Each structure stands twice: as structure tokens, then as C-alpha cells.
Amino acid sequence: METYQLAQESQLNDLLHVKIHQYKQQNDGECASYIPELKKADPSHLSISLLLPDGTHYTAGDHTVSFTIQSISKVLSFITACMHHGIESVLNWVDVEPTGDSFNSILRFELTNQKKPYNPMINAGALTVASLLPGTNDNEKLMNVTNLLYNLLGKEVCINEKVFMSEWETAYRNRALVNLLAENDLLAGGVDETLLTYIKLCSIETSVHDLAKIGLILSMDGYDPIEQKQLIPVKIARLSKVLMFTCGMYNSSGKFAASVGIPAKSGVSGGILASIPPSTRNLNVLSQGCGIGVYGPAIDRYGNSVMGVRILQDLVEQFHLNIF
């Protein structure tokens, strides 16, 4: 058994480096252009980080490059709101239904009798959740999410001010969304406060190592196996993974679920947070579960890292990690 395990570890390490090298040569996709500061990213950057429950770390590529968390913050704000208000209370404001629409679309909300945003992983739902965060102003609301991140990561996080200003100055669609939500009594706070909170959350600096740690804790249903602490209530962690699986990859979530088959959440900066639950089906180095962080700023038309998705797909196929 030990020999088999070591062989799998060597295979994993080799696979990560080979795939990073292979996909860096292809350079498909383009950096997000509707946020000017994100357009400045190097489209050739690509990295991956895996963290196992025993603390073993595997990394490859440009893993020292930091980036902003963008829509991955939607998972963290949803967890924070649920931990403060309770799941049932939060779901009175936002639903958990997938949608095939673009993440910043208002079309379905306008054309149906839906009385609340479809899920917390689209912008409308994330804005409503941002308004629900505890705190009397945007800075206090932000602090409650960064406090959660401190508990998960064991370190302070900061805002990328250049990205924040770039997003704030070009947030035309999100300004329309937040006003539409206010018109329909779907905000628990003010319009400006909610939009400021949301954009600050998107502008949090992160790394593939941070995402891997968050993914690991989610894979263990909110338990940090390294620090041996329950940091997120089990029900909230499990619901968050369900939302990641069904709604986490924008309007290609169905395709990703079918072709990759793991809980994941992407951001238009090129980051992907992924969570691999423990499995008894396969005896390999990743069968105990792990967290994965990926970064590749060249994104597709949906907003997902082109090369990041391909690496995850290769990894899942090689080690049989899909949850079905």
C-alpha cells in the first residue's frame, strides 16, 4: 500500500508540472476587459495548488502570483451571512436554483414571477447577500467576511485598491442590478453601501495557496484537518458545496458539472476554487480529499479560466475524482 501511495504522489507531481507546461504554451482565452485593471494581467500566467488533509502541498506554475478573488467571494459572503442569520433566514432573500443566464444578467428576473434572485452565485444574488452581511456600513460588512478568511487561512487579507477603483468606476451593470433589487425590496441595506461591500469583497487579494486551503476545509464539511477545528457549520459548508457544483461556474456550470464533476467556484480574474471530498472508491493520494486553487487569467466567454478548467478536467480524469 505504501509503495502504491508513493507512486501516486510522484504521478501527481509529474502530472501537474507537465500540464502547466503544456497549457502555458497554448495561451487560449483573454483577460477580462470590462474591468480595466484585470486586463493588465499576464495571460500566460498559470498555476495550481493542491492541499491534502495532512498538510501536504503540491504546487506548479506561477504560484507566487497573487490576484483578486472576484466572484469566488460569493461563496465566502454566503457562508458569513448564513453563519450570522442562519440558512433559513438567508434563503428567504435568495433562492438556490441554477440559471443558464450570464452571471450579470437581469433578463430572467424581469421576465418571470421570481420574487428573489435565483442563487447567491450570480451577481443579483450576491448583491442581496452582501446587503445581509452583519455590520452597519460597508467596512464592517467587509470585516465580517475578512474575519472568516482570517480563521480559514490563519492570516490577514487585504484589498487591492487599484482593482477596487477600477471596478467601482466601471460598475454600470451592477449599479443597475442593485437599484433593481432595491426597487423590489430585495436589499437589507442601502444601495451604495451594498455595492461598495460587494466590490470590496471582489477586490480581496488571494493566491492559489489560499484557495486550496479554503477548498480543503470545505471538502471536510467545514473542518480544518490541519488545525483540527470546526470553522464552518457542517450544514452551511455542505450547502455551499452544492451551490458551487450547480451554480459556481457561471452559465457553463452544467457543462462543468458534466465534464469535470466537482464543486468549484470561478472568478473573472482567472481564479478557481475547487473542493474534492474524500472517497472510498479509489485508493490514491487524493482519495482522502483535498482543496485545489487554480489561477489562469485568460478566461472564456463565460468568465472561467480556460486553462484552469482544462487542468482540473485532466486531474479529475487521471485520479477519478468526480463525485459521481
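Residues numbered from 1 in each chain as written. Predicted model: local features only at pLDDT ≥ 70, side-chain atom pairs only at ≥ 80, totals over all residues. Heavy atoms only, no water.

A.B. asks: Break down the confidence of the model for the chain for me, with residues and values.
C.D. replies: With 93% of its residues at a pLDDT of 70 or more, the chain shows a mean pLDDT of 91. Here residues 1–6 is modelled with pLDDT under 50, and outside its nearest four sequence neighbours on either side it reaches 6 contacts, counting other chains as well. (pLDDT = per-residue confidence, 0-100. Contact = heavy atoms within 4.5 Å.)

A.B. asks: Which residues make up the pattern of salt bridges, and what values go with them?
C.D. replies: By the definition in use, this model includes 10 salt bridges. Asp210 is the salt-bridge partner of Lys155, the closest N and O atoms lying 3.0 Å from each other. Separated by 55 residues along the polypeptide, Lys155 in the loop between helix H7 (138–153) and helix H8 (161–169) and Asp210 in helix H11 (residues 208–219) bring together distant segments of the chain. You can call Lys155 partly exposed: its relative accessible area is 37%. (Salt bridge = Lys/Arg side-chain N within 4 Å of Asp/Glu carboxyl O. Helix = DSSP H or I, 4+ residues; strand = E, 2+ residues; numbered from the N terminus. Buried < 20%, exposed > 50% of the residue type's maximum accessible area, 1.4 Å probe, protein only.)

A.B. asks: Now, about the pairing of strand S9 (residues 290–295): what can you tell me, with residues and values included?
C.D. replies: By the criterion of burial, S9 is predominantly enclosed, with 6 of the 6 residues buried. Residues Cys290, Ile292 and Val294 of S9 are buried on one face, and the alternating residues Gly291, Gly293 and Tyr295, pointing to the opposite face, are buried as well.

A.B. asks: Break down the environment of Ile232 for me, citing the residues and quoting the values.
C.D. replies: Turning to its location among the elements, Ile232 is positioned in the loop between strand S6 (229–230) and helix H12 (234–247). Once you skip the residues sitting within four places of it in the chain, Ile232 turns out to touch Ile79, Leu148, Leu152, Ile217, Leu218, Asp221, Gly222 and Ala237.

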